[in-house]
Amino acid sequence: MKLSLGPILYYWQRDALFEFYERISDAQVDIVYLGETVCSKRHIFRLEDWLAVAEKLASAGKEVVLSTQALIESESDLKTLRRLTENGRFRVEANDMGAVHLLSGNEFVAGPHINTYNPQTLALLTGLGAKRWVMPVEMSRQMLSDILVDKPQDMETEIFGYGRLPLAFSARCFTARHYNLPKDDCQFRCLDHPYGLTLKTREGQPFLALNGIQTQSSGIYNLLAELDNMQQVDVLRVSPQPFYTEKVLALFRQRLEGRLSVEEAQFQMARLMADAPCDGYWHGRAGMDQSTSNVDQRLSAGS
Amino acid sequence: MSLELVCPAGSLPALKAAVDNGADCVYIGFRGNTNARAFAGLNFDLPAAGEAVRYAHARGKKVLLALNTYPQAATWQRWQQAVDHAAEAGVDAIILADAGLMRYACRTYPELRLHLSVQGSATNYEAINFYHEHFGIQRAVLPRVLSLTQVEQLLKHTPVEIELFGFGGLCVMVEGRCMLSSYVTGESPNTAGVCSPAKAVRWQQTRQGLESRLNGVLLDRYAASENAGYPTLCKGRFEVSGETYYAIEEPASLNTLELIPSMLHMGISAIKIEGRQRSPVYVEQVTRVWRAAIDSAMRNTENYAVDPAWMMQLNKLAEGQQNTLGAYHRPWK
C-alpha cells in the first residue's frame, strides 16, 4: 500500500507552505496532492508556486498530483480549472464533474468529491480515463468491498485515512460569517485558523470545524488500527495539518512495514492528536463514532 | 417566454392539490430510499404513480419522478428497477443524480427524458454539459449556491434547460456534497435519502430549556418563548470561540417571488418548490400563490410587483417563519 498526502484544506501563510513542502520532500510519503481545493479566494500560492513545489517534490521522488477545487461556480473558477487540467506535466485529481469533463480521455484521479458509490459509476469513470479513485469518506469497508467485486482493471483505490473529515461545501463562508464579515470582504480570516475553527455544541462538546466554505468534522478520522483489513486499498491518504504531519505519516509507514504493533502505534498517535479520534464511517456507523480500543484504557491509566 | 411551475407531492392528495391549483409539473418519488425524501408513510408505490400520471396527464400536466439518491453495489437492483418502474408508469421525466444510473436509463430507455437532480451537485456548465453529452440530460436543477449573475453566465454556455429552486426549506450546503447527517447518524441524503432522520431525533425538556438532540448531539436549546423547529443539524445554535449563534444557517425558507422577472428575463425554464414531505394543504397554498405570481409576471414583466398577500400566505408556511433570497442574493453568502 502506498501513502499519500492530500491537498492542504486550510489557508496557510506563504512561508508556512514552502516550509511544509520542504519537509514533505524528505517525508515517508509516496504521493503528494497539491493545490487549493476549498476556496478560490485563497491565492497566496499561484499556479506557478504550486508547479514549483510540484517539481521539487517530483525530483525528490514523489508522485505529484494537482487537485482541483471542489465547488466550481464562476467563469474565473473554470479558468483556474482549465489551467490545471491543461498543465501538460502532472496528473490531475478531478473533484467536480466539470473537471471530469475537461479531463476525459486523459489519465486522471477521480477525487473524494466525485460521488462514486457503485461499480457502474466507477466503470464509467474508468472508461473516461480515471486511473485511481478516492472513495467518498462516508463509505464503509463493506461498501468498498462490494463495489470492488467488479473492480475495473488498472484502477487504483484510495481512501481518506487520517485527518479532520471534509464533510460539506457551501456557497456561504462560515469563517467570514463568524466574524460578521461579508464573503466578498472576508479579510482572509482563514489565515488565522490553520486548522479550522472548532464549533462546539451548547454543552461544550467539540462537533465540527469551520474552514471557510467547507465544514469538517472536529473529530480526527484515524484508520491506523485498520490497516490489516485493507487488502483492497492501494493508497491511504493522510490529510495535512499544521503540526506533526510527518510524524503521522511515519506512524502509518511503520505500521505498514510491520515495525510497530497496532497498540503501540495507536498509543503514539493519540499523543499527536489535537482532537478526539473517530472511525465510524469505516465500520458502517455514524462517522463520529469511535470503536473502542485498548489504547483508551492505556491512556486513561495514565501511561 | 415560459416558466414552468414544478411542485412537490408526497402523496396522491398532494399531487391532486398541485395539479388543481396551477402546477405545470409535479415531482414525486417512489416509496423507500431511491429518492431524497425517504420518509415513512410518504411517496408512491407503482400503482399510485400510475394513477398520478393519469390524473396529471388528463389535465395536461406533467409528472416528474425523483430517483436522486446514490445506489450502492449491494442495492443497485432496487434503483435499476425504479428506473424500469418509472418508464412503465409513463412519467414525463426522471430526475437522477448518479452517473451510473443515468447511463443505464439512457441506454435502456432512450426516449425517456432525463433531468439532472440538484443532488448531482452540478454548479457549472462544464459539469452540466458533461451529463448532456454522455446521457442527453435535458434539464438541470441547480444547487442553491449560485448568485443570479452566476446563473445567467451559466445559461449562456449550455443547451440544457435550467430549473431553479424558488421556495421552501433551504439547504445551505451544496446538495449531494453534504455528509453532515451521516457523520452524526450514519445516514445521509446521498446514501439513505434522509437528512437528520427523525428516528435519531430526541426532544427533552430540561431545566435549561427544551433540548433537541440528534443521535445524542445537542443541536439546540429553546427558551419557553422560542419556536422550536425540526432539528435539521445545520440549523442549530452552536458555540464558536465563545459565541453561541446560528453558526451555519438560521431556520429560514428560501423565497424568491421578487426574482421571477429576472428569472424570466435570463431564460430559466422552471421554478421548483421544495417540500414533498409537507402536507397537501401546504402544496395547495404554495402552488396557488406561485401560479398567481408567475401569471402576473408573464402578463406584465415590467410592472410586476410582489403582492403583500402572497408574502403573508407564504410566510405562514415558511420554515422558521422567516424568508431569505439565499445565495441568489450575494450578501447572504
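Chemist: Just give me the short version of the overall build of chain A, but keep the residues and values in it.
Modeler: Regarding its fold elements, chain A presents 10 helices and 12 strands. What you see for chain A is a C-alpha radius of gyration of 19 Å, in line with the 19 Å of a compact globule of 303 residues. Along the three orthogonal principal directions, the C-alpha set of chain A runs to about 55 × 50 × 35 Å. Expressed as a percentage of the 303 residues in chain A, the buried residues total 61%. For chain A, long-range pairs separated by at least 24 residues make up 69% of all intrachain contacts whose partners lie at least 6 apart in sequence. Accessible area of chain A: about 11,000 Å², with a carbon and sulfur share of 46%.

Chemist: Lay out the overall build of chain B in plain terms, naming residues and giving numbers.
Modeler: Of the regular secondary structure elements, chain B holds 11 helices and 16 strands. In terms of overall dimensions, chain B is globule-like: its C-alpha atoms have a radius of gyration of 20 Å, near the 20 Å expected for 333 residues. Taken over the C-alpha atoms alone, chain B extends approximately 60 × 55 × 40 Å along its principal axes. A fraction of 64% describes how many contacts in chain B between residues 6 or more apart in sequence connect residues 24 or more apart. Split by element, the accessible area of chain B, about 12,200 Å² in all, is 48% carbon and sulfur. Of the side chains in chain B, 31 bear a positive and 31 a negative charge, and the two mean positions are spaced by 4 Å.

Chemist: For helix α2 (residues 47-59) of chain A, give the residues involved together with the corresponding values.
Modeler: Residue and element names in this part refer to chain A. Over its 13 residues, α2 runs 18 Å from end to end, which matches the ideal 18 Å to within 8%, given 1.5 Å per residue. Looking only at α2, the buried set comprises L47, D49, W50, V53, A54 and L57. With its buried residues spanning 155° around the axis, α2 presents them on a single face. Pointing more than 90 degrees away from the buried face of α2 are the exposed residues K56 and S59. Looking at the buried side of α2, the elements it contacts are α1 (14-24), β2 (31-34), β3 (63-67) and α3 (75-85). After α2 finishes, the residue G61 shows a positive phi value of roughly 95°.

Chemist: So, helix α2 (residues 46-58) of chain B: which residues are in play, and what are the values?
Modeler: Residue and element names in this part refer to chain B. Under the 1.5 Å per step criterion, the end-to-end length of α2 is 18 Å for 13 residues, consistent within 8% with the ideal 18 Å. Every buried residue belonging to α2 is among A48, A49, G50, A52, V53, Y55 and A56, and all of these are buried. The elements touched by buried residues of α2 are α1 (12-20), β2 (25-29), β3 (62-67) and α3 (76-89). The N-cap of α2, judged by a side-chain oxygen 3.0 Å from the amide nitrogen of A48 a few residues on, is D45. Once α2 ends, the next one or two residues include G60, with phi positive near 75°.

Chemist: Account for the interface of chain B and chain A, with residues named and values stated.
Modeler: On the side of chain A, 66 residues touch chain B, which itself brings 68 residues to the contact. Both faces combined, the contact of chain B with chain A buries some 5,800 Å², and carbon together with sulfur accounts for 56% of it. Broken down residue by residue, the surface that chain B buries against chain A is led by R177, M179 and Y183 of chain B, which jointly contribute 16%. Between chain B and chain A we count six salt bridges in total.

Chemist: Pulling in residues and values, what's your account of the pairing of strand β1 (residues 4-8) of chain B?
Modeler: Residue and element names in this part refer to chain B. Burial of β1 is extensive: five of the five residues sit out of reach of the surface. Looking at chain direction, β1 and β2 are connected through three bridges and run parallel. Opposite V6, over in β2, you have C25 as the bridge partner. A crossover connection joins β1 to the parallel β2 through α1; in handedness this β-α-β unit is right-handed.

Chemist: If you had to explain the packing of helix α10 (residues 280-299) of chain B against helix α11 (residues 308-317) of chain B to someone new, which residues and values would you point to?
Modeler: Residue and element names in this part refer to chain B. Look at α10 against α11: their axes get within 10 Å of each other, and the N-to-C directions meet at 150°. Our classification of the angle between α10 and α11 gives roughly antiparallel. In this structure, the crossing between α10 and α11 has a hand that is left-handed. In this structure, α10 contributes Y282, Q285, V286, V289, W290, A292, A293 and S296 to the contact, and α11 contributes W310, Q313, L314 and L317. Grouping the constituent residues of the contact of α10 with α11 by class yields nine nonpolar, three polar and no charged.

Chemist: I'd love a proper account of the pattern of salt bridges, names of residues and values included.
Modeler: Residues and elements named next belong to chain B. Considering all chains together, one arrives at 41 salt bridges over all chains under this definition. R37 is paired through a salt bridge with E274; the nearest N and O atoms lie 2.8 Å apart. Separated by 237 residues along the polypeptide, R37 in the loop between β2 and α2 and E274 in the loop between β15 (270-273) and α10 bring together distant segments of the chain. Among the salt bridges present, the one from R237 reaches D220, with a minimum N-O distance of 3.0 Å.

Here is what the cut-offs are and how they apply
Residues numbered from 1 in each chain as written. Chains lettered and ligands numbered in written order. Predicted model: local features only at pLDDT ≥ 70, side-chain atom pairs only at ≥ 80, totals over all residues. Heavy atoms only, no water. Helix = DSSP H or I, 4+ residues; strand = E, 2+ residues; numbered from the N terminus. Rg over C-alpha atoms; globule rule 2.2 N^0.38 Å. Buried < 20%, exposed > 50% of the residue type's maximum accessible area, 1.4 Å probe, protein only. Contact = heavy atoms within 4.5 Å. Areas by Shrake-Rupley, 256 points an atom, 1.4 Å probe, with all protein chains shown as cover. Lys, Arg positive; Asp, Glu negative; His and termini not counted. Charge placed at Lys NZ, Arg CZ, Asp CG, Glu CD. Expected span 1.5 Å × (residues − 1). Arc of directions from axis to C-beta. Polar contact = N/O pair within 3.5 Å; in protein donor to acceptor, adjacent residues only side chain to side chain. Buried area = accessible area lost by both parts, 1.4 Å probe. Salt bridge = Lys/Arg side-chain N within 4 Å of Asp/Glu carboxyl O. Pairing = 2+ DSSP bridges. Right-handed = clockwise from strand over helix to strand, strands pointing away. Axes fitted to C-alpha atoms, helices over the stretch in contact; angles between N-to-C directions. Parallel < 35°, antiparallel > 145°, perpendicular 65-115°, else oblique. Left-handed = near helix turned anticlockwise from the far one by under 90°. Nonpolar A, V, L, I, M, F, W, Y, C, P; charged D, E, K, R; others polar.

On their own, these measurements won't tell you what the molecule is for.
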